[in-house]
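A look at the structure
So you can see what is in the structure, the chains are spelled out below.
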Amino acid sequence: MTGKRILIVGGVAGGASCATRIRRLCEEYEIIMFEKGSYVSFANCGLPYFIGDVIVEEEKLLVATPELFKNRFNIQVCSDTEVLAIDRDLKTLTVRDLKTGVDRIEPYDALVLSTGSSAVWPLIEGIDLPGIHALRTIPDSRKIRSELPDMKHAVVMGAGYL
Ligand SMILES: Cc1cc2nc3c(=O)[nH]c(=O)nc-3n(C[C@H](O)[C@H](O)[C@H](O)COP(=O)(O)OP(=O)(O)OC[C@H]3O[C@@H](n4cnc5c(N)ncnc54)[C@H](O)[C@@H]3O)c2cc1C
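The structure contained in this document is the topic of the report that follows. All values derive from a computational prediction rather than experimental measurement. (Residues numbered from 1 in each chain as written. Predicted model: local features only at pLDDT ≥ 70, side-chain atom pairs only at ≥ 80, totals over all residues. Heavy atoms only, no water.)

So, on to the nonpolar core. Grouped together as the largest cluster of nonpolar side chains are 15 residues, with contacts concentrated most on Ile31, Met33 and Phe69. If you list the elements that add at least two residues to this core, you get strand S1 (5-9), helix H1 (13-25), strand S2 (30-34), helix H3 (66-73) and strand S3 (75-78). For this core, the element with the highest residue contribution is H1, accounting for three residues. Other than its neighbours up to four places away in sequence, phenylalanine 69 contacts Ala16, Thr20, Met33, Val40, Ser41, Ala64, Asn74, Ile75 and Val77. Grouped together as the second largest cluster of nonpolar side chains are eight residues, Leu7, Val9, Cys78 and Tyr108 included. (Core = buried A, V, L, I, M, F, W, Y, C linked by side-chain atoms within 4.5 Å. Buried < 20%, exposed > 50% of the residue type's maximum accessible area, 1.4 Å probe, protein only. Helix = DSSP H or I, 4+ residues; strand = E, 2+ residues; numbered from the N terminus. Contact = heavy atoms within 4.5 Å.)

This is the structure we're talking about:
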């Protein structure tokens, strides 16, 4: 597969680890990672500590930046870019730059889907009221932090590990 084009959808733990692992296996591949959010390779596990002021500086949540991926690994990162469709016959992706709204076609030789998961919003009356948040991203934690000064009680739904 020398010189082939590898596209990766999702730029957090799975996508970023996969991209760097592929680069270590082959220096010739063109590797591009698409992430619909604004941040790649951030420390989800640090988000609760950011809300709780244990981690004070937001930058400490960023394990790696697009610049680091480019300079150290020659991996191109397209953040704020959503993958909308896959054409498996033509081996192309339709991607949208969420900042400009412009769509484009990206051909691939190999495709990695590392799109993770999203929080479950149970069908409970009032679930759409203000002050109810999921915690998965840096913007989520920013919103929760901004409401802390007015908060007297907090309820956490779900008692799993996270
Ligand atoms: C608050 C919190 C605390 C945690 N603490 C720990 C911990 O202490 N220890 C531990 O081991 N794990 C912890 N985890 C779990 C760990 O963060 C996850 O296992 C890990 O993030 C999963 O990585 P992932 O790349 O598979 O998926 P995700 O992190 O879900 O990333 C997938 C990415 O794909 C992007 N994406 C999806 N669809 C598209 C599309 N169509 N186009 C472009 N991009 C797309 C999404 O925007 C997302 O950023 C924690 C998670 C959270 C939320």
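The calculated volume of the largest pocket comes to roughly 1,400 Å³. Looking at which element gives the most residues to the lining of the largest pocket, the answer is helix H2 (residues 47-51), with four residues. Tallied by class, the residues present in the lining of the largest pocket amount to 23 nonpolar, eight polar and three charged. Secondary structure elements with two or more residues in the lining of the second largest pocket: H1, strand S4 (81-87) and helix H4 (138-147). Looking at the lining of the second largest pocket, the element that brings in the most residues is H1, giving three residues. Of the residues assigned to the lining of the second largest pocket, the class counts are 11 nonpolar, 13 polar and five charged. (1 Å grid on protein atoms, 1.4 Å probe; cavity = no way out; pocket = protein on both sides within 12 Å on 5 of 7 lines; lining within 4 Å. Points joined across faces, edges and corners; volume = space filled by probe spheres on them. Nonpolar A, V, L, I, M, F, W, Y, C, P; charged D, E, K, R; others polar.)

This part covers the sheet that holds strand S6 (residues 102-107). The strand order across the open sheet built from three strands is S4-S5-S6, with neighbouring strands paired in antiparallel fashion. Two strands lie at the open edges of the sheet, namely S4 and S6, each paired on one side alone. In this sheet, neighbouring strand axes are inclined to one another by 25° on average, regardless of whether the strands run parallel or antiparallel. Relative to strand S5 (residues 92-97), S4 is paired through six bridges, and the arrangement is antiparallel. Within the sheet, the bridge partner assigned to threonine 81 lies in S5 and is aspartate 97. (Pairing = 2+ DSSP bridges. Axes fitted to C-alpha atoms, helices over the stretch in contact; angles between N-to-C directions.)

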